[in-house]
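Summary of structural features
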Amino acid sequence: QVQLVESGGGLVQAGGPLRLSCTASGKIFSVNKMGWYRQAPGKQRELVALIFSTGTTTYLEAVKGRFTISRDNAKNTVYLQMNSLKPEDTAVYYCTADIRLVGSVWSSDYWGQGTQVTVSS
């Protein structure tokens, strides 16, 4: 019913930028919060950034000042601009969105398939 498709991952040198995108499609009535998590090998998945429908944002302390989350509500798309990347940012990045479907009275969290970000030193 709903698909979240991510793009923009890849290999980048330390200090470089990368931009991730994630678009939600399907029978969507509304999208509440959208965000990005990441999971490095052998580590737990962690929240990187969230953006609410109001525009309010929150960030993992380790990425503050380097990453910026934004969204285009008309396109049901969330972006993550990552600057000054560090090797420790290497992980699979997952998009998530809290979506209310057409005809539904409640919302649920949906996840993308993940995109690999590798930062070389």
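This write-up is about the structure you can find in this document. (Residues numbered from 1 in each chain as written. Predicted model: local features only at pLDDT ≥ 70, side-chain atom pairs only at ≥ 80, totals over all residues. Heavy atoms only, no water.)

**Considering unusual backbone geometry**
Operational definition: For helices the rule is a DSSP run of H or I covering at least 4 residues; for strands it is a run of E covering at least 2, with both sets numbered from the N terminus onward.
Residue N76 is not a glycine yet carries a positive backbone phi of 50 degrees. In this fold, N76 is placed in the loop between β7 (67-72) and β8 (77-82). Backbone geometry at S84 places phi at a positive 50 degrees, although glycine is not the residue there. Mapped onto the fold, S84 is located in the loop between β8 and β9 (91-101).

**Some words on the side chain of T96**
Applied cut-off: For each residue, the accessible area found with a 1.4 Å probe, counting protein chains only, is set against the maximum for its type, and the residue is called buried under 20%, exposed over 50%, and partly exposed in between. Each polar contact in these results corresponds to two N or O atoms within 3.5 Å; when the atoms are within protein, one needs to be able to donate a hydrogen and the other to accept it, and residues that are neighboring in sequence are counted only if both atoms are side-chain atoms. Contact definition: two residues touch when any of their heavy atoms are within 4.5 Å.
Here T96 lies in strand β9. Residue class for T96 comes out buried when judged on its relative accessible area of 7%. Within the structure, the side chain of T96 is placed 3.1 Å from the backbone oxygen of Y110, a separation counted as a polar contact. The contact partners of T96, leaving out residues within four places of it in the chain, are L4, K33, M34, G35, Y37, D109, Y110 and W111.

**What about the state of the cysteines?**
Selection criterion: Throughout, a disulfide means two cysteine sulfur atoms within 2.5 Å of one another.
Overall, the coordinates contain one disulfide when judged by the stated rule. Across a sulfur-sulfur distance of 2.0 Å, C22 and C95 are joined as a disulfide pair. A torsion of -75 degrees about the S-S bond marks the disulfide between C22 and C95 as left-handed. Of this pair, C22 sits in strand β3 (residues 18-26) while C95 sits in strand β9, and the two are 73 residues apart along the sequence. Of the two residues, C22 and C95, both sit in the buried class.

**Quick look at the environment of M34**
Within the secondary structure layout, M34 lies in strand β4 (residues 28-39). Its relative accessible area of 1% is what places M34 among the buried residues. Separated by 19 residues in the primary sequence, M34 and S53 place their C-alpha atoms 8.1 Å from one another.

**Some points on the nonpolar core**
Operational definition: To form a nonpolar core, buried Ala, Val, Leu, Ile, Met, Phe, Trp, Tyr and Cys residues must be joined to one another through side-chain atoms within 4.5 Å.
Ranked by size, the top nonpolar core spans 31 residues in total, and within it L4, W36, L80, M82, Y93 and I99 carry the most contacts. Those elements that place two or more of their residues in this core are β1 (2-7), β3, β4, β5 (46-51), β7, β8, β9 and β11 (115-120). The dominant element in this core, judged by the number of residues it contributes, is β9, at six residues.

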